[in-house]
Amino acid sequence: MEKNFINTDHKANLVDPFNRNIDYLRISVTDRCDFRCVYCMAENMTFLPKVNLLTLEELYRLASLFIDCGIKKIRLTGGEPLVRKNIMWLIEQLSKKINSNFLDELTLTSNGSQLSKYAYDLVKNNVNRINVSIDTLNEDLFKKITRWGDLRKVIEGITVAKKAGLRIKINTVALKGLNDKEIPDIIKWAHDNDMDITLIETMPMGDIDGDRTENYLSLSAYRATLEKYFTLSSCEYKTGGPSRYYICKETGGILGLITPLSHNFCADCNRVRITCTGKMYMCLGQDDSVDFNSLMRSKATDDDIINLIYQSIRMKPISHDFKIDKYNSQPAVSRHMSVTGG
Ligand code: SAM
Ligand code: SF4
């Protein structure tokens, strides 16, 4: 399956008009998922026609060209990345880029449902740490939030992953009226099990069955509640992402807060995103995109594609446009998070 794409001819790094160095690429490898989290998807989702999806070979070619342009870290996401058929093939190919020092890190964000099956293969292929999303440790509430998920399977996946040697960071979306009372316990559970945890605010992306404003919890405001349970001190740890990190004195663990709505994080943004159909989004919270699909499916050379990568980076906006309040219950961007992958 492997094809030899030019990948040794390194180009100038990707620097956007606001002097941000872009070295992090997120690839949503599928918009499909085996869960239907209430804040992410409607229960009856219409997914993209399969013919529109880039094949794994096309995704690999595109990723390789981004690596040629200075991308150093790749995160696979989705939808659920581990439900894409033959996903391990792509992971194996990208792992070779780490072996040859073209890429520094390969990682993924997963709902954990398939982790028992894949954890050892991930470790074999240079994936050292992953993010797993869990919004509650209560089985009934887990079913209510994910609609189709099984908490026991996810916990079993985490256990296997830890045995295999994967470091795990938990992602928890903070949901008013659903898991807000439980969040201190989830933090304690994560830290007791040697996992960092990041809390995320709901972002207004894509139509869901309900109204997101009902469950929106401002993490800037919620910090006061957290400080009743934990002594938080700022920590220097940075990923170039939207998280701000704190050390909890009581547990010794790291807590990240992603607050795109109550606190803008764009000044340090180092990332762009590719969807499973080959659309590049320069910003998670804007609708502007560049289509690589038609170029890739024409007779375009690698240089043609690389030129489009540089052009796209010049279009990266300064910041997102998210707003969520009682006057703004409509999604700020029409696509679901599962299309661009969070
Ligand atoms: N299926 C995988 C998972 O759930 O981890 C990867 C894709 S999911 C879209 C990536 C992350 O985005 C998850 O942590 C999920 O909880 C979060 N997410 C999804 N929709 C969101 C929304 N509207 N606002 C905030 N976070 C969201
Ligand atoms: Fe699936 Fe992840 Fe969206 Fe939940 S958050 S529906 S697991 S893509």
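You'll find the structure just up there.
Position numbers for residues start from 1 in each chain and track the written sequence from start to end. Each chain is given a letter, starting from A, and each ligand a number, starting from 1, according to the order in which they appear as written. Local features in this predicted model are restricted to residues whose pLDDT is 70 or higher, and side-chain atom pairs enter the listing and the counts only when it is 80 or higher, whereas totals over whole chains, interfaces and linings include all residues. Hydrogen atoms and water are omitted, and side-chain values are computed over all heavy atoms in the structure.

**As for the site of ligand 1**
Then, in step 1: Taken together, 18 residues lie around ligand 1, and Y39, G79, S133, V173 and M203 are the ones closest in.
Then, in step 2: Polar contact criterion, stated in full: a pair of N or O atoms within 3.5 Å, where within protein one must be able to donate a hydrogen and the other to accept it, and residues adjacent in sequence count only if both atoms are side-chain atoms. In the environment of ligand 1, a nitrogen atom lies 3.0 Å from a nitrogen or oxygen atom belonging to the backbone of G79.
Then, in step 3: The contact in question runs from a nitrogen atom of ligand 1 to an N or O atom on the side chain of E80, over 3.3 Å.
Then, in step 4: The Shrake-Rupley method, run with a 1.4 Å probe, gives the accessible areas here. Residue values count only the displayed protein chains as cover. With the chains in place, 94% of the 540 Å² that ligand 1 exposes on its own is no longer accessible.
Then, in step 5: Runs of E in the DSSP output that reach at least two residues are strands. Runs of H or I that reach at least four are helices, and both are numbered from the N terminus. Only strand 5 (105-110) and strand 7 (167-173) provide two or more residues apiece to the shell around ligand 1. One heavy atom within 4 Å of a molecule or strand makes the whole residue count as near it.

**As for helix 6 (residues 183-192)**
Then, in step 1: Burial classes follow relative accessibility: with a 1.4 Å probe on protein chains only, a residue under 20% of its type's maximum area counts as buried, one over 50% as exposed, and anything between as partly exposed. Among the ten residues in helix 6, seven count as buried, and that is most of the element.
Then, in step 2: Buried-residue contacts for helix 6 involve helix 5 (151-164), strand 7, strand 8 (196-200), helix 7 (219-229), strand 10 (243-248) and strand 11 (254-258).
Then, in step 3: Phi turns positive, to about 65°, at D194, one or two residues after helix 6. Every residue pair with non-hydrogen atoms within 4.5 Å of one another is taken to be in contact.

**Focus: the nonpolar core**
Then, in step 1: For our purposes a nonpolar core is just a set of buried Ala, Val, Leu, Ile, Met, Phe, Trp, Tyr and Cys residues, chained together by side-chain atoms within 4.5 Å. The biggest cluster of nonpolar side chains holds 99 residues, and the ones touching the most others in it are F66, I74, L76, L90, I170 and F292.
Then, in step 2: Broken down by element, the residue count for this core peaks at eight residues, all from helix 1 (residues 56-68).

**Topic: the site of ligand 2**
Then, in step 1: Looking at ligand 2, the residues that line it are C33, F35, R36, C37, C40, M41, G79 and N111.
Then, in step 2: Three categories are distinguished: nonpolar for Ala, Val, Leu, Ile, Met, Phe, Trp, Tyr, Cys and Pro, charged for Asp, Glu, Lys and Arg, and polar for the others, with Gly belonging to the last. Partitioned by chemical class, the residues of the shell around ligand 2 number five nonpolar, two polar and one charged.

Fair warning: the whole summary comes from geometry, so function is off the table for now.
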